[in-house]
Amino acid sequence: KLLEIANNTDDRNKERDFAILTLFLNCGIRLSELVGINIKDIIFSENKLNVIGKGNKERTNYLNDITKEALLKYLNIRDNSHDKERNNPLFLTDYGFRMSVTTIKKIVKRAYRKADLDENVYSVHTLRHTCATILYKAGCNIRTIQEILGHVQIDTTEIYTHLHDQEVMDVMLNHPLAQYKMADALAYCA
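Residues numbered from 1 in each chain as written. Predicted model: local features only at pLDDT ≥ 70, side-chain atom pairs only at ≥ 80, totals over all residues. Heavy atoms only, no water.

Participant: I'm lost on the pattern of salt bridges in this one. Help?
Facilitator: Side chains that carry opposite charge are capable of pairing whenever their charged atoms lie near each other. What the rule picks out here adds up to 9 salt bridges. In this structure, R30 engages E33 in a salt bridge whose closest nitrogen and oxygen atoms are separated by 2.6 Å. There is no split in this pair, since R30 and E33 are both buried. One salt bridge connects R59 with E33, and the closest N-O pair in it is separated by 2.6 Å. Of this pair, R59 sits in strand β3 (residues 58-62) while E33 sits in helix α3 (residues 31-35); the two residues are 26 residues apart in sequence, bridging distant segments of the chain. You can call R59 buried: its relative accessible area is 9%. Judged by its relative accessible area of 1%, E33 is buried. (Salt bridge = Lys/Arg side-chain N within 4 Å of Asp/Glu carboxyl O. Buried < 20%, exposed > 50% of the residue type's maximum accessible area, 1.4 Å probe, protein only. Helix = DSSP H or I, 4+ residues; strand = E, 2+ residues; numbered from the N terminus.)

Have a look at this one:
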């Protein structure tokens, strides 16, 4: 819903804001990582995005088609004449400077409001969790998610398995055979 609303708005920064949300939801990057991205960090021919994570560690994320398309759309309309910095930051303010953490947070909060999602409940970090949860529920290996998120310790990533454990418990407690009494089960087998 968040991406749908962001993609179908008349805002003048629609492409930029959509690219930001798409990166968060598809790559699971941290806010600080997104702020630090320079154009040279993207290798479109290889679908790669290099980010600098915690502890100044570099890692590679891969761009799926929707993320790549969102970035290319944004870059096609990006006003390069206002770029005030030499290292060519990916996301610029209207004044040509690298976007700050505060500015990105405001963009995400505004997107939540437009999508009728409570901006006081959901944060920028929620998008990272959403990415990881979607991957885990789709069957992605926990070690792969650890790599994608840039977690040093597997324990940090394992919170997503606990979310899954709740689903497993709910399914098992509502197992179709749970509604039968032993007499019914024996009659069923006869």
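Participant: Would you explain the sheet that holds strand β2 (residues 48-52) in this entry?
Facilitator: Hydrogen bonds between backbone groups are what pair the strands of a sheet, and the pairing can be parallel or antiparallel. The 3 strands lie next to each other as β1-β2-β3, forming an open sheet whose pairing is antiparallel. Sheet topology places β1 (42-43) and β3 at the edges, where each strand pairs with a single neighbour. Sheet topology note: the β1/β2 ladder contains 2 bridges and is antiparallel. In the sheet register, I43 faces β2, and the bridge partner there is K48. (Pairing = 2+ DSSP bridges.)

Participant: Looking at this model, I keep getting lost on the nonpolar core. Mind explaining?
Facilitator: In summary, soluble globular proteins display a tendency toward joint burial of nonpolar side chains. Membership of the largest hydrophobic core comes to 36 residues, with the highest contact counts inside it found for L23, F24, L71, L90, F91 and I104. It is helix α2 (residues 14-27) that provides the largest number of residues to this core, a total of 8 residues. When neighbours within four sequence positions are excluded, L90 is seen to be in contact with L23, I37, N38, I39, I42, L71, Y74, L75 and R78. Counting residues in each nonpolar core, the second largest holds 7 residues, with A132, Y136, C140 and I142 among its members. (Core = buried A, V, L, I, M, F, W, Y, C linked by side-chain atoms within 4.5 Å. Contact = heavy atoms within 4.5 Å.)

Participant: It is not clear to me how the pairing of β2 should be interpreted in this structure. Could you clarify?
Facilitator: A regular strand places its side chains so that they alternate between the two faces of the sheet. Hairpin connection between β1 and β2: a loop of 4 residues separates the two successive antiparallel strands, and N47 in this loop has a positive phi of roughly 55°. Bridge count between β2 and β3: 5 bridges; the pairing is antiparallel. Directly across from K48, in β3, lies its bridge partner Y62. As consecutive antiparallel partners, β2 and β3 are separated by 5 residues, and within that stretch G55 has a phi angle of approximately 70°, a positive value.

Participant: Sorry, what's going on with helix α6 (residues 124-137) here?
Facilitator: Since the α-helix packs 3.6 residues into each turn, any two residues three or four apart lie on the same face. Its 14 residues place the ends of α6 21 Å apart at the C-alpha level, agreeing with the 20 Å of an ideal helix rising 1.5 Å per residue. Along α6, the positions that sit buried rather than exposed are V124, L127, R128, C131, A132, T133 and Y136. One side-chain oxygen of the residue at the start of α6 lies 3.2 Å from the amide nitrogen of H125, identifying that residue as S123. Directly after α6, the chain includes G139, whose backbone phi takes a positive value near 100°. (Expected span 1.5 Å × (residues − 1). Polar contact = N/O pair within 3.5 Å; in protein donor to acceptor, adjacent residues only side chain to side chain.)

Participant: Which parts of the structure should I look at to understand the state of the cysteines?
Facilitator: A covalent bond between the sulfur atoms of two cysteines is referred to as a disulfide. What the rule picks out here adds up to 0 disulfides. Of all cysteine sulfurs in the structure, the one in C27 sits closest to C131, which takes part in no disulfide; the separation is 7.1 Å. The buried category is assigned to C131, whose relative accessible area is 1%. C131 provides the cysteine sulfur closest to C140, a residue in no disulfide bond, and the two sulfurs are 9.0 Å apart. (Disulfide = S-S within 2.5 Å.)

Participant: Help me understand the side chain of N50, please; the structure alone is not making it clear to me.
Facilitator: Secondary-structure assignment places N50 in strand β2. On the basis of relative accessibility, which here comes to 16%, the residue N50 falls in the buried class. One polar contact links N50 to T60, side chain to side chain, over a distance of 2.9 Å. With near-sequence residues (within four places) excluded, N50 lies in contact with D41, I43, E58, R59 and T60.

Participant: Explain unusual backbone geometry to me, please; I cannot follow it from the model alone.
Facilitator: What is expected of a backbone is that most residues other than glycine have negative phi and most peptide bonds are trans. Phi is positive for N47, close to 55°, though the residue is something other than glycine. Position of N47 relative to the elements: it lies in the loop between β1 and β2. N47 sits in the partly exposed class, given a relative accessible area of 26%. Of note in the backbone geometry, N56 takes a positive phi value of approximately 60° without being a glycine. As for its position among the elements, N56 is in the loop between β2 and β3.

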